[in-house]
Number of protein chains: 2
Amino acid sequence: MAGAVQSVVSLSKALPMNGGNGLYSYANNSTYQNKAIVAVKDLITEAIAEKLDTSLSSSNTICITEMGCSVGPNTFVAVQNIVEAVLNKYQNLVHDHSRLPEFLVFLNDHALNDFNTLFTSLPPDRNYYVAGVPGSFHGRLFPADSLHIVHTSYALQWLSQVPEEVEDVSSPAWNKGRVYYSSAGDQTVKAYEDQFAKDLDCFLHARAQEVVCGGLIMILVPGRLDTTPHDRVFSNISYDILGSCLMDMAKMGITSQEKVDSFNIPIYFSSPREVEATIEKNGYFSLERLECLPLEKSQDTIQQKARAVSYHIRAGLEFLLKEHFGNEIIMDELFDSFNKNLEKSQVFELGLTYSLFALLKRKTTLID
Amino acid sequence: MAGAVQSVVSLSKALPMNGGNGLYSYANNSTYQNKAIVAVKDLITEAIAEKLDTSLSSSNTICITEMGCSVGPNTFVAVQNIVEAVLNKYQNLVHDHSRLPEFLVFLNDHALNDFNTLFTSLPPDRNYYVAGVPGSFHGRLFPADSLHIVHTSYALQWLSQVPEEVEDVSSPAWNKGRVYYSSAGDQTVKAYEDQFAKDLDCFLHARAQEVVCGGLIMILVPGRLDTTPHDRVFSNISYDILGSCLMDMAKMGITSQEKVDSFNIPIYFSSPREVEATIEKNGYFSLERLECLPLEKSQDTIQQKARAVSYHIRAGLEFLLKEHFGNEIIMDELFDSFNKNLEKSQVFELGLTYSLFALLKRKTTLID
């Protein structure tokens with residue numbers, strides 16, 4: 001297994017992320033993901049060295065997709081890792097290096113992603129061809145049998161939607177007084193868990209058509225141990241603190257209680273057992289490897305850490321917050337308050353942070 | 001040959017076009033191209049019916065690229081034409097319609113193109129997969145042997161750069177006092193003609209690597225008859241009028257004579273003989289068809305036509321003008337003056353407008 005990741009938190013990537021290059025842009029607030037990606041480099045290299053079948057491509061082109069690419073720069077690091085690992089493998093096999101494969105890399109994210117920023121920040125000296133693919137990875141995006149390697153990093157924790165029952169006043173899963181599931185009742189948690197499983201199944205079903213037999217999927221997603229309670233996950237505690245800030249604003253009359261009740265963050269932190277069960281039930285892929293990687297505590301001060309978390313969550317959630325609360329809530333005020341409450345909280349002592357790494361291989365037949 | 005195109009002018013498509021959906025956006029000022037595209041529908045359908053080899057693709061996917069796509073909507077009309085023509089051909093050949101091919105369409109334009117607008121305006125009910133490819137089509141953009149059909153419409157008239165000697169004060173081709181070649185001296189015209197030939201050769205050289213043997217390239221480009229003098233081409237007259245407006249502004253001290261001298265519009269209107277010579281010299285493609293399509297006069301009033309031309313040229317050139325003249329020139333003033341001078345001119349009586357349509361097939365060997 002790769003060395004433990006040198007980061008305090010595994011924070012999440014929203015759709016769409018804040019675009020451009022400003023203070024609260026995703027591009028300037030995604031160092032946590034970057035640390036996680038660097039740490040799994042060895043896992044990716046091993047996966048390709050051991051599990052990639054070099055006879056997969058009928059042409060001389062390897063087609064790779066990076067799903068949930070956002071606006072970079074992390075996505076370019078991940079892509080370069082994969083391309084180098086494949087090249088290394090071929091260099092050991094092919095004597096005539098003019099016969100090394102070419103690479104076509106499809107960078108995918110929602111159609112509202114800032115592809116303009118992504119395309120103008122592509123590494124100029126890259127050794128692969130690039131295309132951008134707009135659309136949800138929960139559905140089909142590519143022709144049948146057109147992909148050899150799929151990589152997705154810090155994206156699958158985003159649910160395709162808030163579970164319907166969580167927003168249904170008549171349901172026992174209704175999430176009154178909170179904006180997140182982690183300190184909610186069992187039925188709310190179950191609704192989130194089911195939505196994650198359903199979304200992962202949709203993702204795998206679509207990829208099963210698109211990935212050639214023997215092709216690989218590498219998933220990196222923030223998660224938790226099977227034994228970690230939801231309310232001990234670092235990010236979950238943070239989202240609950242954000243929820244309490246919103247409720248304070250409702251009490252002060254800045255927004256309404258109803259608005260807070262009907263806002264829910266569509267993110268879920270799964271465990272290895274949950275991921276494995278969904279892959280097995282889906283049936284199209286064999287699970288070749290599943291790791292739960294702890295992320296080490298940072299040595300920064302509480303103030304530095306609170307600020308980083310606040311900026312990071314703002315980059316991910318600002319779009320959703322503005323869409324729901326409109327101009328009622330001033331983002332600077334909300335995140336100032338969030339920052340202060342993070343500093344006062346015990347999240348930096350108590351919060352646990354793990355990333356899950358899963359390596360899947362497309363079965364040749366369903367009896368594999 | 002397809003019926004004559006129902007449009008008064010063949011105007012050009014700049015890189016980058018004005019993005020978004022505003023008054024001067026390309027999306028709202030590209031009806032001329034649309035008319036031309038609709039008119040060549042029959043030519044495209046015939047080309048595919050007669051010249052496309054249905055054994056080209058080793059998988060069940062047809063890969064198409066639309067080069068110089070800008071932000072739509074014209075590009076979607078062109079793509080739909082091509083996809084339908086291919087499907088029609090296969091439907092006549094394949095009895096089991098579940099075996100019909102799938103389509104992956106690569107929409108290409110410069111990295112500064114507004115891909116965000118393009119991606120959010122994709123037809124929701126399309127029967128093809130889409131990827132955006134940022135970069136200059138004068139160079140490589142795709143892996144070897146990865147494309148079956150290339151289509152480019154109203155894009156190749158844009159030169160990769162203003163010919164160097166045209167901007168060189170010490171060269172006999174220096175274009176002092178003008179912003180365009182069409183009423184310039186022979187050496188300036190020759191420099192533009194050579195640049196067009198060089199750019200087309202680069203385009204064909206790159207495509208020769210990317211297109212499978214037997215694959216097709218369809219080029220639609222505004223041009224002229226072999227016998228049409230440059231200064232009788234509708235768009236050329238218009239650009240000369242725009243140049244005279246800029247020189248008026250220099251005389252009024254709004255900008256400097258030097259700024260006007262060093263600004264040149266990187267567009268060239270070629271003739272069938274020039275296009276044919278370049279394709280032959282390049283050598284990778286056989287020229288299967290070459291048509292020069294006249295565009296009919298519109299029935300609009302002079303005022304309507306002048307306004308449309310003014311808006312259209314603004315959508316195409318505003319980026320370049322702003323880049324060169326900065327804030328010295330107010331665009332509204334320039335194009336008001338341009339509009340008035342168009343109305344007073346004889347361009348609508350004298351200007352000639354043609355589109356060239358070329359169908360090329362990738363040779364199997366260079367001896368073909």
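On a predicted model such as this, the values are computed, not experimentally measured, just so you know.

Draft legend 1. Layout of the interface of chain A and chain B. Facing the 26 residues of chain A at the interface are 25 residues of chain B. Each partner contributes to the roughly 2,000 Å² buried at the junction of chain A and chain B, and carbon and sulfur atoms together form 62% of this total. For the chain A face of the interface with chain B, the top three residues by lost area are Phe119, Tyr129 and Pro143 of chain A, together amounting to 27%. Put simply, chain A and chain B have two salt bridges between them. A salt bridge links Glu102 of chain A to Arg140 of chain B; the nearest nitrogen and oxygen atoms lie 3.5 Å apart. At the boundary of chain A with chain B, the tally comes to twelve residue pairs in polar contact (both at pLDDT 80 or more). If you tally residues by element for the side of chain A that touches chain B, the top one is strand β3 (residues 129-134) of chain A, at six residues. Each residue belonging to the side of chain A that touches chain B can be placed in one class, and the counts come to 17 nonpolar, six polar and three charged.

Draft legend 2. Spatial organisation of the layout of surface pockets. In this structure, the largest pocket spans a volume of roughly 620 Å³. Taken together, 28 residues form the lining of the largest pocket, with Ser58 and Ser59 of chain A together with Ser58, Ser59 and Cys63 of chain B sitting closest to its centre. Mapped by element, the contributors of at least two residues to the lining of the largest pocket are β1 (61-67) and β2 (102-109) of chain A together with β1 (61-67) and β2 (102-109) of chain B. Tallied by class, the residues present in the lining of the largest pocket amount to 14 nonpolar, twelve polar and two charged.

Draft legend 3. Focus on the pairing of strand β5 (residues 211-223) of chain B. Residue and element names in this part refer to chain B. Taken across its 13 residues, β5 has twelve buried, putting it largely inside the fold. The pairing of strand β4 (residues 147-153) with β5 spans six bridges and is parallel. Looking at β5, one finds that Ile149 is bridged to Leu216. Each parallel crossover has a hand, and the one from β4 via helix α5 (residues 186-210) to β5 is right-handed. Pairing geometry for β5 and strand β7 (residues 354-362), over eight bridges, is antiparallel. Pairing of Ile219 across the sheet is with Ala358, part of β7.

Draft legend 4. Structural context of the relation of the copies chain A and chain B. With an RMSD of 0.0 Å, the fit of chain A onto chain B corresponds to turning through 180 degrees and sliding 0.1 Å along the axis. Those values place the two copies in the arrangement expected of a two-fold rotation axis. Measuring from the rotation axis to each C-alpha of chain A, the shortest distance belongs to Gly132 of chain A, at 2.4 Å. A share of 96% of interface residues in chain A that are also interface residues in chain B marks the association as one of identical surfaces.

Draft legend 5. Structural detail: the packing of aromatic side chains. Enumeration according to the criterion identifies 28 aromatic pairs over all chains in this entry. For the pair Phe263 of chain A and Phe325 of chain A, a centre-to-centre distance of 5.4 Å together with 55 degrees between the ring planes defines the contact as tilted. On the criterion of sequence distance, the pair formed by Phe263 of chain A in the loop between α7 (257-261) and α8 (272-282) and Phe325 of chain A in helix α9 (residues 302-325) is long-range, its members being 62 residues apart. Looking at Phe263 of chain A, the relative accessible area reads 4%, which means it is buried. Seen from their ring centres, Tyr181 of chain B and Tyr192 of chain B are 4.6 Å apart, and the 35 degrees between their planes marks the pair as tilted. Placement of the pair is Tyr181 of chain B in the loop between β4 and α5 and Tyr192 of chain B in helix α5, with a sequence separation of eleven residues. Exposure class is identical for Tyr181 of chain B and Tyr192 of chain B. Each is buried.

Draft legend 6. A look at the packing of helix α6 (residues 234-251) of chain A against helix α10 (residues 331-344) of chain A. All names here are of chain A. Remark: α6 packs on α10, axes separated minimally by 9 Å, with the N-to-C direction vectors making an angle of 125 degrees. On the basis of the axis angle, α6 is oblique to α10. Classified by chirality, the crossing of α10 by α6 is right-handed. Between α6 and α10, the contacting residues are Ser238, Ile241, Leu242, Cys245, Leu246 and Met249 on the first element and Glu333, Leu334, Phe335, Ser337, Phe338, Asn341 and Leu342 on the second. Its residues assigned to classes, the contact of α6 with α10 shows nine nonpolar, three polar and one charged.

Draft legend 7. Up close: helix α2 (residues 41-51) of chain A. Residue and element names in this part refer to chain A. Among all positions in α2, only Leu43, Ile44, Ala47 and Ile48 are buried. One side of α2 holds all its buried residues, which, seen down the axis, span an arc of 130 degrees. Considering only its buried residues, α2 is in contact with α3 (74-93), β4 (147-153), β5 (211-223), β6 (285-294) and β7 (354-362).

Draft legend 8. A look at the pattern of salt bridges. Considering all chains together, one arrives at 26 salt bridges over all chains under this definition. Where Glu291 of chain A meets Arg289 of chain A, a salt bridge forms, and the shortest distance between an N and an O atom there is 2.8 Å. No difference in accessibility class separates Glu291 of chain A from Arg289 of chain A, as the two residues are buried. Put simply, Arg207 of chain B and Glu210 of chain B hold a salt bridge, and the shortest N to O gap is 2.7 Å. Highlighted residues: Arg207 of chain B and Glu210 of chain B, both in helix α5, separated by three residues, approximately one helical turn. Residues Arg207 of chain B and Glu210 of chain B agree in their burial class; the two are buried. Three or more residues joined by partner-sharing salt bridges are found here, namely Glu102 of chain A together with Arg140, Arg207 and Glu210 of chain B.

Reading guide: rules and limits
- Residues numbered from 1 in each chain as written.
- Chains lettered and ligands numbered in written order.
- Predicted model: local features only at pLDDT ≥ 70, side-chain atom pairs only at ≥ 80, totals over all residues.
- Heavy atoms only, no water.
- Contact = heavy atoms within 4.5 Å.
- Buried area = accessible area lost by both parts, 1.4 Å probe.
- Salt bridge = Lys/Arg side-chain N within 4 Å of Asp/Glu carboxyl O.
- Polar contact = N/O pair within 3.5 Å; in protein donor to acceptor, adjacent residues only side chain to side chain.
- Helix = DSSP H or I, 4+ residues; strand = E, 2+ residues; numbered from the N terminus.
- Nonpolar A, V, L, I, M, F, W, Y, C, P; charged D, E, K, R; others polar.
- 1 Å grid on protein atoms, 1.4 Å probe; cavity = no way out; pocket = protein on both sides within 12 Å on 5 of 7 lines; lining within 4 Å.
- Points joined across faces, edges and corners; volume = space filled by probe spheres on them.
- Buried < 20%, exposed > 50% of the residue type's maximum accessible area, 1.4 Å probe, protein only.
- Pairing = 2+ DSSP bridges.
- Right-handed = clockwise from strand over helix to strand, strands pointing away.
- Least-squares fit on C-alpha atoms with pLDDT ≥ 70 in both.
- Phe/Tyr/Trp six-rings, centres within 6.5 Å; stacked < 30°, edge-to-face > 60°.
- Axes fitted to C-alpha atoms, helices over the stretch in contact; angles between N-to-C directions.
- Parallel < 35°, antiparallel > 145°, perpendicular 65-115°, else oblique.
- Left-handed = near helix turned anticlockwise from the far one by under 90°.
- Arc of directions from axis to C-beta.

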